[in-house]
There are 2 protein chains.
Amino acid sequence: MKDIIQKLDLAEETAGRLEWLAEYGKDPEGGVSRLLYTKEWVEGQHALKEWMEAEGLEARFDEIGNLYGTLKGKNTDETVLTGSHVDTVKNGGRFDGAYGIIAGILALKYLKKHFGEPLRNIEVVSMAEEEGSRFPYSFWGSKNIVGLAKREDVEDIKDFDGVPFVEAMNNAGFGFRDESKGPREDLKAFVEVHVEQGSVLETEKIPVAVVNNIVGQRRYTVELIGEANHAGTTPMGYRKDAVFAASQMIHEIISMARETGDPLVTTVGKFEAQPNIVNVVPGKAIFTIDVRHTDKEAILSFTEKMTARMQEISKEHEVEMNIDLWMDEDPVPMDPKVVELIEKQCRENGLNYKVMHSGAGHDSQIFAPVVPTAMLFVPSLKGISHNPAEFTEPKDVAEGVKGLIGALYELGYK
Amino acid sequence: MKDIIQKLDLAEETAGRLEWLAEYGKDPEGGVSRLLYTKEWVEGQHALKEWMEAEGLEARFDEIGNLYGTLKGKNTDETVLTGSHVDTVKNGGRFDGAYGIIAGILALKYLKKHFGEPLRNIEVVSMAEEEGSRFPYSFWGSKNIVGLAKREDVEDIKDFDGVPFVEAMNNAGFGFRDESKGPREDLKAFVEVHVEQGSVLETEKIPVAVVNNIVGQRRYTVELIGEANHAGTTPMGYRKDAVFAASQMIHEIISMARETGDPLVTTVGKFEAQPNIVNVVPGKAIFTIDVRHTDKEAILSFTEKMTARMQEISKEHEVEMNIDLWMDEDPVPMDPKVVELIEKQCRENGLNYKVMHSGAGHDSQIFAPVVPTAMLFVPSLKGISHNPAEFTEPKDVAEGVKGLIGALYELGYK
């Protein structure tokens, strides 16, 4: 088995399939826009179905439009699932999501070719939606599979052009699942292959990672209220300068995060000054904080220290502070047994890999609480994602497919 | 003379005239918009002319629309000038500019009433424009009086509705001055009364200030270029976070300014992060710096230290820095003799006053290089200006008029 996987030459085929799928929703200026239930999305899903069938897989849609391709096993009560989401952000790249579907189909093709009928069903899924880019709802695909998505969640939402979710879904040929039925019980494991969307693997020159955790995150919006004043006529001692207070907070918060060390990350991504005029002492500053870590306790302890220090600074500066914690998601650990099993396969097949966490969210975090789940990453050029410049070398996307073949062999044939 | 000035009860009359002038350009929602050469402006200037005439002053417009009211002296070759600008910002207050004109007319009225014909002409001017709020040109009034304004400066400029400057001027009944003629040579002194537009006098509970200097200022735009990255997948050590670098710079710059002490003021009024998204490490930060001081050397030494430190910080953070110095104006000292003479009058007339600098620009800075000039300030409620909430207590505006009467007596009758 080791010899077979090592010798597979998948670079050209994988890269070619990525190009092929990117034709569905290709933007004239480069990049891909394949948003949920659009014409491009419908055509892409149907093209994937044809390809699945051409590879000898049993292909079918579920009610909401997730597309499955099955390699039937001896024991049809158990299914090992792989795949990712087919939707992109607006003007996104060719890899995010798409790569996990293509890797899945190719893995099933070569498993079938070299090892024949598996012990359990092995299935690849092209999930309807993950990005939340057309409608204000994310993970529509995976949340339907595990039974979390509800009709009422999307019944009243519309896209940026005012098109109702339900209308878009119906026009694409799909509808709601039967919520009286429970979620699928045949799923024994889920393995998702994805681009890293970060630059760790590229920097460390490692082609594959096994993901053992998806970070939890807290997001805050902080509003500081000082006093707007004339920049020329207000002596320094008379000021309540909201940007000055914010600058100290941001500098201390980010410095604290750096001292705390990996895997903690903290970002102040948005900043707004008011009235935002060159010759007015700013009376208001509004900024966001995004804190992530793989360990819930570590998030709690950091954010507690952080907000305590911010309270002190706001008092020193005599500015009023409002902190709004508007996102608080726990880390999602991957299944240690599946992680260990994929690691073992990587070692046996001679893949140069590392174990790392994911700093971004993925469909896997929806599966993990109900199905033993793990992920494989391949490098992202300069960490770029959600952008037409998204890129992974063909030799690296091939390594990811090999890692997946090994993992599915281990999960589906033994 | 002392007894006469001290006993004048001017509070009600001055406050009444401020209300009266504010009718010209009154905004429905409160505040005043009296922009250069608009209908409101024309009506305001003509109403002022009628009032001047009613007080027995010789009133006339110059070519561009500055309005003068003269109390003729024995020696008609010498003129002492007072006044300020009649234009407002969009939705401005009742005091900025207007108060200096009203104070001037009232001063001339009471000088004439109590002291008769002066030795020199004493003239009040309602200057056409100072704010630069309708057209991209400031100090049109004073720059014409001292011969600095040129036809070519305004020939191609338009207002926000596309109306050419020249068309607006002609429609208001005015045109260019004869540039072949030199500026007026009869001006022996200029004294401008104005609201402080800061909160020093209010805080120190002092009704009048004699201004001895108008600050110089430097304005910069700073651009920091780091690298935009995913907020979840980019470990802290891999980041070039432009907002983090900016936060350290701003905190250090403002702290340095506070340590340096009065009269230095430094403001970061505008701040922009890019791409300004909660979950993206910001690749760019753009902010402005406004530095003011009454001493040119002090501005140079502070800004040199400041930019050197910013260079260091940008290197430490590995972000590229572009600094654009786009305004560099020297301080304008007032005439020490005129300042001393006004101080003397304040003392003699029992006015509670202090000597201070102006942190904002005024018409006086245009006069000062060519005519011995000084200013009087009265308090601004909470330092508010350029806003409908602009306010000064009637008793304080009256004290300013008394200070001006004393100053003009000293300059015009002796």
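Keep in mind that this is a model prediction, so the values were computed, not measured.

*Asks:* Help me understand the overall build of chain A in this model?
*Replies:* Looking only at helices and strands, chain A has 13 helices and 16 strands in total. Computed over the C-alpha atoms, the radius of gyration of chain A is 24 Å, within 12% of the 22 Å expected from 2.2 N^0.38 for a compact globule of 414 residues. Across its three principal directions, the C-alpha atoms of chain A cover 80 × 45 × 45 Å. Looking at chain A as a whole, 61% of its 414 residues qualify as buried. In chain A, once contacts between residues fewer than 6 apart in sequence are set aside, the share between residues at least 24 apart is 79%. Counting only carbon and sulfur atoms, one obtains 47% of the accessible surface of chain A, whose full area is about 15,800 Å².

*Asks:* For this particular structure, what's the right way to read the pairing of strand E10 (residues 271-274) of chain B?
*Replies:* Regular strands place side chains that alternate from one sheet face to the opposite one. Residues and elements named next belong to chain B. Side chains of E10 alternate between two faces, with Phe271 and Ala273 buried and Glu272 and Gln274 left unburied. In the sheet, E10 pairs with strand E12 (residues 284-293) via 4 bridges, with the strands oriented antiparallel. Residue pairing in the sheet places glutamate 272 in a bridge with isoleucine 286 of E12.

*Asks:* Explain the interface of chain B and chain A here, please?
*Replies:* With 53 residues of chain B in contact, the opposing surface of chain A contributes 53 residues. Carbon and sulfur atoms make up 60% of the area that chain B and chain A hide from each other, which totals about 4,500 Å². When the buried area of chain B at its contact with chain A is split by residue, Met236, Phe244 and Val278 of chain B rank highest and sum to 16% of it. At the boundary of chain B and chain A, one finds 12 residue pairs in polar contact (both at pLDDT 80 or more). Looking at the side of chain B that touches chain A, the element that brings in the most residues is helix H9 (residues 242-260) of chain B, giving 10 residues. Among the residues forming the side of chain B that touches chain A, the class breakdown is 22 nonpolar, 20 polar and 11 charged.

*Asks:* Explain the relation of the copies chain B and chain A to me, please; I cannot follow it from the model alone.
*Replies:* Here two copies of a chain appear, and what relates them is a rotation about an axis with a shift along it. Between the two copies, chain B and chain A, the superposition gives an RMSD of 0.1 Å; the rotation angle is 180° and the shift along the axis is 0.1 Å. Taken together, these values place the two copies in the relation of a two-fold axis. Of the C-alpha atoms belonging to chain B, the one lying closest to the rotation axis is found on serine 247 of chain B, 2.2 Å away. Of all interface residues in chain B, 100% are interface residues in chain A too; the two copies therefore contact each other through one and the same surface.

*Asks:* For this particular structure, what's the right way to read the nonpolar core?
*Replies:* Generally speaking, nonpolar side chains in soluble globular proteins are found buried as a group. Among the nonpolar cores identified, the biggest contains 87 residues, and Tyr37 and Trp140 of chain A are the most heavily contacted of them. Ranked by the residues each element gives to this core, the list is headed by helix H4 (residues 98-115) of chain A, at 12 residues. The contacts of tryptophan 140 of chain A, once residues within four sequence positions are left out, are Leu36, Tyr37, Ile64, Ala128, Glu129, Ala149, Lys150, Val154, Phe165, Met169 and Phe176 of chain A. Membership of the second largest hydrophobic core comes to 84 residues, among which are Ile101, Tyr110, Phe135 and Val195 of chain B.

*Asks:* Can you walk me through the UniProt feature "binding site: allantoate" (unreviewed entry) in chain A in this structure?
*Replies:* Residues annotated in UniProt with the feature "binding site: allantoate" (unreviewed entry) correspond here to Arg219, Asn279 and Arg292 of chain A. For the annotated residues, spread through 74 residues, the largest C-alpha to C-alpha distance comes to 36.8 Å, inconsistent with a single compact locus. With respect to the helices and strands, the residue arginine 219 of chain A is situated in strand E7 (residues 216-225). Apart from residues lying up to four places away in sequence, arginine 219 of chain A is in contact with Ile289, Asp290, Arg292, Asp324, Leu325, Trp326 and Met327 of chain A together with Val278 and Asn279 of chain B. A polar contact is formed between the side chain of arginine 219 of chain A and the side chain of aspartate 290 of chain A, at a distance of 3.1 Å. Mapping asparagine 279 of chain A onto the fold places it in the loop between strand E10 (271-274) and strand E11 (280-281). When its relative accessible area of 26% is taken as the criterion, asparagine 279 of chain A is described as partly exposed. Once residues within four sequence positions are removed from consideration, asparagine 279 of chain A is found in contact with Asn229, His230 and Ala231 of chain A together with Arg219, Asp290 and Arg292 of chain B.

*Asks:* Whenever I open this one, the UniProt feature "binding site: Zn(2+) 2" (unreviewed entry) in chain A confuses me. Can you help?
*Replies:* Residues and elements named next belong to chain A. Taking the numbering used here, the UniProt-annotated feature "binding site: Zn(2+) 2" (unreviewed entry) corresponds to Asp96, Glu131 and His386. The annotated residues occupy 291 residues of the chain but converge on a single region, no pair of C-alpha atoms lying more than 9.8 Å apart. Among the secondary structure elements, aspartate 96 is positioned in the loop between strand E3 (75-85) and H4. Relative accessible area serves as the criterion here: at 7%, aspartate 96 is assigned to the buried category. Discounting residues that sit within four places of it in the chain, aspartate 96 has contacts with His85, Asp87, Glu131, His194, Val195, Gln197, Ser385, His386 and Glu390. Within polar-contact distance, the side chain of aspartate 96 engages the side chain of histidine 85 at 3.2 Å. By the secondary structure assignment, histidine 386 is in the loop between strand E16 (373-378) and helix H13 (394-412). At a separation of 3.0 Å, a polar atom in the side chain of histidine 386 contacts the side chain of aspartate 96.

*Asks:* Would you mind showing me how to read the environment of valine 89 of chain A here?
*Replies:* Inspection of the secondary structure puts valine 89 of chain A in the loop between E3 and H4. Sequence separation between valine 89 of chain A and glutamine 345 of chain A is 256 residues, and the spatial gap between their C-alpha atoms is 33 Å.

Rules and cut-offs
Residues numbered from 1 in each chain as written. Chains lettered and ligands numbered in written order. Predicted model: local features only at pLDDT ≥ 70, side-chain atom pairs only at ≥ 80, totals over all residues. Heavy atoms only, no water. Helix = DSSP H or I, 4+ residues; strand = E, 2+ residues; numbered from the N terminus. Rg over C-alpha atoms; globule rule 2.2 N^0.38 Å. Buried < 20%, exposed > 50% of the residue type's maximum accessible area, 1.4 Å probe, protein only. Contact = heavy atoms within 4.5 Å. Areas by Shrake-Rupley, 256 points an atom, 1.4 Å probe, with all protein chains shown as cover. Pairing = 2+ DSSP bridges. Buried area = accessible area lost by both parts, 1.4 Å probe. Polar contact = N/O pair within 3.5 Å; in protein donor to acceptor, adjacent residues only side chain to side chain. Nonpolar A, V, L, I, M, F, W, Y, C, P; charged D, E, K, R; others polar. Least-squares fit on C-alpha atoms with pLDDT ≥ 70 in both. Core = buried A, V, L, I, M, F, W, Y, C linked by side-chain atoms within 4.5 Å. UniProt positions renumbered as here; feature names shortened; annotations may be inferred.

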